[in-house]
Every structure is written in C-alpha cells, then in structure tokens.
Amino acid sequence: LHRVDRRQRQMCIRDRAKKVVKKYERWYSEHPVYTYRMFERTKRYIYYVVQEVKKRNMPMEIALLPIIESAYNPIARSNMKAVGLWQFIPSTGKNYGLQQDWWKDERSNVILSTNASLNYLEKLYNQFGTWELALAAYNAGEGKVGREIKRNKRRKRATDYYTISLPRETDEYVSKLIAMKHIIQNPQKYNVEVPYIPNAPYFAEVTLTEQMDIDLILKLADISSEEFELLNAHHKRPLIPKESQPTTILLPQHKVCLLYTSPSPRDKRQS
C-alpha cells in the first residue's frame with residue numbers, strides 16, 4: 001500500500017474518519033492471534049492478487065478485500081452459498097464465467113475468481129464512479145446502490161457513498177477494509193504482528209494433459225492434501241478428468257519440478 005504509483009494514489013479509497021472504522025481497528029487489535037493467522041493465510045495468494053490489481057491500476061486496498069470477504073480462505077462458504085476468496089454467489093459466478101458443475105466450482109479457483117472479481121469491481125466502478133460505491137455495490141448489490149442514488153437525486157441530496165442510505169452490513173464492510181488498510185500501514189500502532197511475506201510468487205500453474213488422481217499428484221509433487229486443497233479448492237472430486245481443453249492446477253513453486261520430472265502415470269504402469 002505504501003508503494004503505489006501516482007495514478008493509484010489518486011484512485012485510492014477515500015479515508016474518512018468514522019466510528020465504525022475505529023471499532024474494527026480496535027477489534028483486530030484486541031484479537032492479535034486471529035489477525036496474525038489471517039495474515040499468515042494470505043501468504044499463498046497475496047503476491048498474485050497484488051500483481052493483478054497493479055496491472056489494472058486499481059487501488060491497492062482491493063488486494064485486501066479477500067481478508068474482509070473470506071479471511072483469505074479459498075474454501076470459505078457463507079450461509080448465502082457464497083464461495084471462495086472473493087465469495088461469489090452462484091448466479092454472479094456464472095455471470096462472470098465461473099463454471100460450476102459436478103467436477104469443479106471455479107468460484108474457488110484462485111486465478112479465475114480473482115480475474116472475475118476484478119472484472120466485476122471495474123464494472124461497478126465504471127457504473128458508479130467511485131471505489132467506495134463500487135465496494136458497496138459488490139456487497140449490497142448494484143440494484144440496491146442504484147436505487148439509493150436515485151432516491152437521493154429526487155431529494156436533491158448528494159449521491160456519494162457517505163451520504164446515501166446503505167445497510168449496516170455494507171457500511172461495516174467498507175469500514176473493515178479501511179481499518180485493515182490502517183493496520184497494514186502501521187501494525188505497531190495497533191499492536192498487531194504482520195508476518196514476513198516474500199515478495200515473490202508462492203504458486204505456479206501446471207497444465208495436466210491427461211486424467212489424474214489427486215492422490216497421485218500428492219505423491220509426485222510431495223505435498224499434503226491440505227496444501228493441494230488450499231491451492232486447488234475448485235476441484236471437487238478425487239479425480240481430475242481429461243477435458244476438451246487442458247486442465248491446470250496450482251502447486252507451490254518449489255514443487256513444480258517434482259511433478260514434471262516424475263514418471264507419468266502411464267510410465268509407472270508399464271514399469
């Protein structure tokens with residue numbers, strides 16, 4: 001957040017003092033173990049998300065949004081059937097090209113869901129004109145935000161995020177993001193420990209050209225089932241089928257070579 005370019009600084013989410021922001025600053029400060037574990041969980045994904053946000057010249061705060069949505073947990077599932085880092089509900093996921101079937105749920109695909117979410121946020125920004133309103137619409141729905149803007153226009157009132165009437169949950173949603181930004185910028189002030197996160201990609205994409213059992217992938221790449229799930233939560237079955245297009249999986253960078261240098265399943269059967 002400190003090292004954004006000039007254009008990004010101009011686009012950053014406005015930082016207006018609100019009681020609810022202070023409330024969540026205190027909450028995260030008073031729950032240091034939870035906050036630390038949440039930051040630890042970001043290690044697998046944050047580098048990738050930051051790079052994608054940078055490519056689009058979006059505010060760097062957007063890279064923190066999965067903290068608010070899912071605590072950066074790709075297997076998170078809400079009562080409203082929202083899934084993944086970015087918490088897509090089924091209908092919005094389909095609208096943004098995230099396939100959901102018996103074999104997989106791409107709402108939990110780290111790469112595809114990040115791309116879909118940033119596309120959606122850019123669309124909302126272009127529709128409403130500010131990032132605060134875009135975030136509010138991401139949470140409450142664009143219909144709700146649009147209706148409140150129209151209501152204020154009829155009353156000849158301002159139509160910015162801080163003036164229109166929004167659900168309490170949405171107000172807290174944006175305030176949580178601002179509070180998290182403050183903590184990341186100055187963790188000592190809030191008595192929060194932020195773990196070291198390498199400035200390098202954690203994972204890499206690997207293309208599978210044939211059907212494979214996940215158990216076999218675990219053996220070849222020498223990774224745990226938990227590690228595989230946290231990177232590939234979109235695969236719902238113990239088998240990854242061969243499709244019309246090659247299927248990709250994510251592996252930790254230092255494990256990719258093991259999969260490529262190990263004998264293929266066919267070779268292992270013939271030996």
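What you are looking at is a predicted structure, and each value in this text was computed from that prediction instead of being measured.

### Overview of the environment of Thr 209
Mapped onto the secondary structure, Thr 209 falls in the loop between β1 (203-208) and β2 (212-213). Taking the relative accessible area as the measure of exposure, Thr 209 reaches 58% and is therefore exposed. Along the primary structure Thr 209 and Lys 242 are separated by 33 residues, whereas in three dimensions their C-alpha atoms are 7.0 Å apart.

### Quick word on the packing of helix α2 (residues 19-30) against helix α3 (residues 32-42)
Two elements in contact, α2 and α3, have axes separated by 5 Å at closest approach and are oriented at 90 degrees. By the angle between their axes, α2 is roughly perpendicular relative to α3. Counted together, Trp 27, Tyr 28, Ser 29 and Glu 30 of α2 and Pro 32, Tyr 34, Thr 35 and Met 38 of α3 form the full contact between these two elements. Tallied by class, residues from the contact of α2 with α3 come to five nonpolar, two polar and one charged.

### Notes on the nonpolar core
Ranked by size, the top nonpolar core spans 60 residues in total, and within it Ile 62, Trp 86, Leu 121, Tyr 138 and Val 145 carry the most contacts. The dominant element in this core, judged by the number of residues it contributes, is helix α7 (residues 110-128), at eight residues. In contact with Leu 121, not counting residues within four places along its chain, are Met 58, Ile 62, Leu 65, Trp 131, Ala 134, Leu 135 and Tyr 138. One finds Leu 220, Ile 223, Leu 251 and Leu 259 within the second-largest nonpolar core, a separate group that totals 17 residues.

### Quick word on α7
The end-to-end C-alpha separation of α7 is 27 Å, in line with the 27 Å expected for 19 residues at 1.5 Å each. If you check the start of α7, you find a side-chain oxygen 3.0 Å away from the backbone N of Ile 111, and it comes from Asn 109. Gly 129 occupies a position one or two residues after α7 and carries a positive phi of about 90 degrees.

### Quick look at unusual backbone geometry
Excluding glycine, residues mostly carry a negative phi; peptide bonds, for their part, are mostly trans. The backbone of Ala 71 shows a phi angle near 55 degrees, a positive value even though the residue is not glycine. Relative to the helices and strands, Ala 71 is located in the loop between α5 (65-70) and α6 (90-95). In the Ramachandran plot, Asn 191 falls in the positive-phi region, its phi being about 55 degrees despite a non-glycine side chain. Within the element layout of this structure, Asn 191 appears in the loop between α10 (168-185) and β1.

Cut-off values and rules
Residues numbered from 1 in each chain as written. Predicted model: local features only at pLDDT ≥ 70, side-chain atom pairs only at ≥ 80, totals over all residues. Heavy atoms only, no water. Helix = DSSP H or I, 4+ residues; strand = E, 2+ residues; numbered from the N terminus. Buried < 20%, exposed > 50% of the residue type's maximum accessible area, 1.4 Å probe, protein only. Axes fitted to C-alpha atoms, helices over the stretch in contact; angles between N-to-C directions. Parallel < 35°, antiparallel > 145°, perpendicular 65-115°, else oblique. Contact = heavy atoms within 4.5 Å. Nonpolar A, V, L, I, M, F, W, Y, C, P; charged D, E, K, R; others polar. Core = buried A, V, L, I, M, F, W, Y, C linked by side-chain atoms within 4.5 Å. Expected span 1.5 Å × (residues − 1). Polar contact = N/O pair within 3.5 Å; in protein donor to acceptor, adjacent residues only side chain to side chain.

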